[in-house]
Amino acid sequence: MSAFSFSRRSLFFLLLCILAGSAAYWYYQQPTATYSDLVYGNGRLEATEVDVATKIAGRLSSIEVQEGDDLQVKQKIAEIEATELQAQLRAAEAQVQQALESTQEAIAGVASAESQYNLARITLARSNKLMNKNFISKDQLDQDRSALQVAQAGLTAARTRVKAANAAVATAKANAEVLQSTLQDTTLTAPIAGRVLYRLAEPGEVLAAGGKVVTLLDLNDVTMSVYLSAAEAGQVTLGAPARIMLDALADPVPAKVVYVAPRAQFTPKEVETRNEREKLMFRIKVRVDPAWLATHATLAKPGMPGVAYIKLSADTDWPAQLPVR
């Protein structure tokens, strides 16, 4: 009875081993055919960072955003004190007005000079006729010729003064426009739609030109970089479809390949490779689909780890289940 019981246990153990071996064989052999069209690597989501800095030096009078705020394009971020610039602008605008008045005066001078020139020209013509009839002396004719030359020179000078006045108006307007533009630079606005990552200054601080106020994340440009061996990277093409499986999300994130490194590099320490003996890898960058980002902007957070899967052929379908790294 004991021998029979031992035989049954042996038979049960043998059947269990056969089932386990079959399952292992199916598990390790099946993905080879299913996943042969995929390459994949670990990485982290990255977003473009944009520093918003001052164009001019000045004291910050206010900052209207906090870290984590979502901003729209042209939304106000901060303000720089502009009392001195406003005074300079008023002075420049007064100079413009003064230059315009000088131009009007110069134009009136041209009209007067033209009148004097026309009178001298008519007088000389009349004197020539009278001289032919010996009604006037030669000295009188010479005086009339000289008067015409003086009138002509006066007209030329008057026209030159008009040109100079017009140039003064243009210069004054240009100075006013520069100050107006500088005054607009005292208001810092968001150059992109993004999220405030860092608030780098506080109201009351005096910043030099180029001083950083906030750093924005462009959530419309989210990417992930992975590193692949030469054999794998050589099969990847620009625009190839990709999917990103984030550790924090259950559903895959649609993406596509936007960059394939032309040269190999040493793999960073924080990136795992399928074969640890491979030291030189090619960096591949995939960009998250903007349409997906438009509806899931709060889900894709820069820094989230995950796996990027790249399909080598656009003709094949995505597998029902992606391989696990």
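Residues numbered from 1 in each chain as written. Predicted model: local features only at pLDDT ≥ 70, side-chain atom pairs only at ≥ 80, totals over all residues. Heavy atoms only, no water.

Caption draft 1: Geometry of the overall build of the protein. Across its full length, the protein holds five helices and 13 strands. A buried classification covers 34% of the 325 residues belonging to the protein. Sequence separation of at least 24 residues holds for 76% of the intrachain contacts in the protein that already meet a minimum separation of 6. Accessible area of the protein: about 20200 Å², with a carbon and sulfur share of 55%. (Helix = DSSP H or I, 4+ residues; strand = E, 2+ residues; numbered from the N terminus. Buried < 20%, exposed > 50% of the residue type's maximum accessible area, 1.4 Å probe, protein only. Contact = heavy atoms within 4.5 Å. Areas by Shrake-Rupley, 256 points an atom, 1.4 Å probe, with all protein chains shown as cover.)

Caption draft 2: Fine view of the confidence of the model for the protein. Chain-level statistics for the protein give a pLDDT mean of 84 and a share of 84% at 70 or above. Contacts for the low-pLDDT stretch residues 1–6, under 50 throughout, to residues beyond four places or in other chains number zero contacts. The model gives residues 26–34 a pLDDT under 50, and that stretch makes four contacts with residues more than four places away or in other chains. (pLDDT = per-residue confidence, 0-100.)

Caption draft 3: Spatial organisation of the packing of helix H2 (residues 83–132) against helix H3 (residues 138–184). Between H2 and H3, the least distance of the axes is 7 Å, while the angle of their chain directions is 165°. By the angle between their axes, H2 is roughly antiparallel relative to H3. Seen along the crossing, H2 lies across H3 with a hand that is left-handed. (Axes fitted to C-alpha atoms, helices over the stretch in contact; angles between N-to-C directions. Parallel < 35°, antiparallel > 145°, perpendicular 65-115°, else oblique. Left-handed = near helix turned anticlockwise from the far one by under 90°.)

Caption draft 4: Representation of the nonpolar core within the structure. Ranked by size, the top nonpolar core spans 30 residues in total, and within it Leu-45, Ile-244, Val-286 and Ile-310 carry the most contacts. Secondary structure elements with two or more residues in this core: strand E1 (38–53), strand E8 (212–228), strand E9 (241–246), strand E10 (253–260), strand E12 (280–288), helix H5 (290–295) and strand E13 (305–311). With six residues, E8 is the largest single contributor of residues to this core. In contact with Ile-244, not counting residues within four places along its chain, are Leu-45, Met-224, Asp-251, Pro-252, Val-253, Ala-255, Val-286, Val-288, Val-307 and Ala-308. If you look at the next biggest cluster of nonpolar residues, it comprises 27 residues, including Val-65, Ala-201, Leu-207 and Val-214. (Core = buried A, V, L, I, M, F, W, Y, C linked by side-chain atoms within 4.5 Å.)

Caption draft 5: Spatial organisation of the environment of Glu-81. Note on placement: Glu-81 falls in the loop between strand E4 (76–80) and H2. Separated by 105 residues in the primary sequence, Glu-81 and Thr-186 place their C-alpha atoms 7.0 Å from one another. Ignoring anything within four residues of it in the chain, the contact list for Glu-81 reads Arg-59 and Ser-61.

Caption draft 6: Geometry of the sheet that holds strand E5 (residues 187–189). Sheet architecture is open: four strands sit in the order E5-E4-E2-E7, paired in antiparallel fashion. Two strands close off the open sheet at either side, each with one partner strand: E5 and strand E7 (206–207). Both strand E2 (residues 58–63) and E4 contribute to a ladder of three bridges, which runs antiparallel. When the bridges of E4 are listed, Ser-62 appears paired with Glu-79. (Pairing = 2+ DSSP bridges.)

Caption draft 7: Just H2, in detail. The first and last C-alpha atoms of H2 sit 74 Å apart over 50 residues, in line with the 74 Å expected at 1.5 Å per residue. Taken from the residues just after H2, Asn-134 is the one with a positive phi, measuring 60°. (Expected span 1.5 Å × (residues − 1).)

Caption draft 8: Geometry of the pattern of salt bridges. The tally for this structure, following the rule as stated, stands at ten salt bridges. In this structure, Lys-138 and Asp-142 form a salt bridge, with 3.5 Å as the shortest nitrogen-oxygen distance. Of this pair, Lys-138 and Asp-142 both sit in helix H3, four residues apart, roughly one helical turn. Residue Lys-138 is classed as exposed on the basis of its relative accessible area, which comes to 52%. Where Asp-142 meets Arg-145, a salt bridge forms, and the shortest distance between an N and an O atom there is 3.3 Å. A residue pair is termed a helical-turn pair when its members lie 3 or 4 positions apart in one helix, as Asp-142 and Arg-145 do in helix H3 at three residues. Taking relative accessible area as the criterion, Asp-142 reaches 32% and is therefore assigned partly exposed. A single network of salt bridges, built from pairs that share partners, joins Glu-64, Lys-76 and Glu-79. (Salt bridge = Lys/Arg side-chain N within 4 Å of Asp/Glu carboxyl O.)

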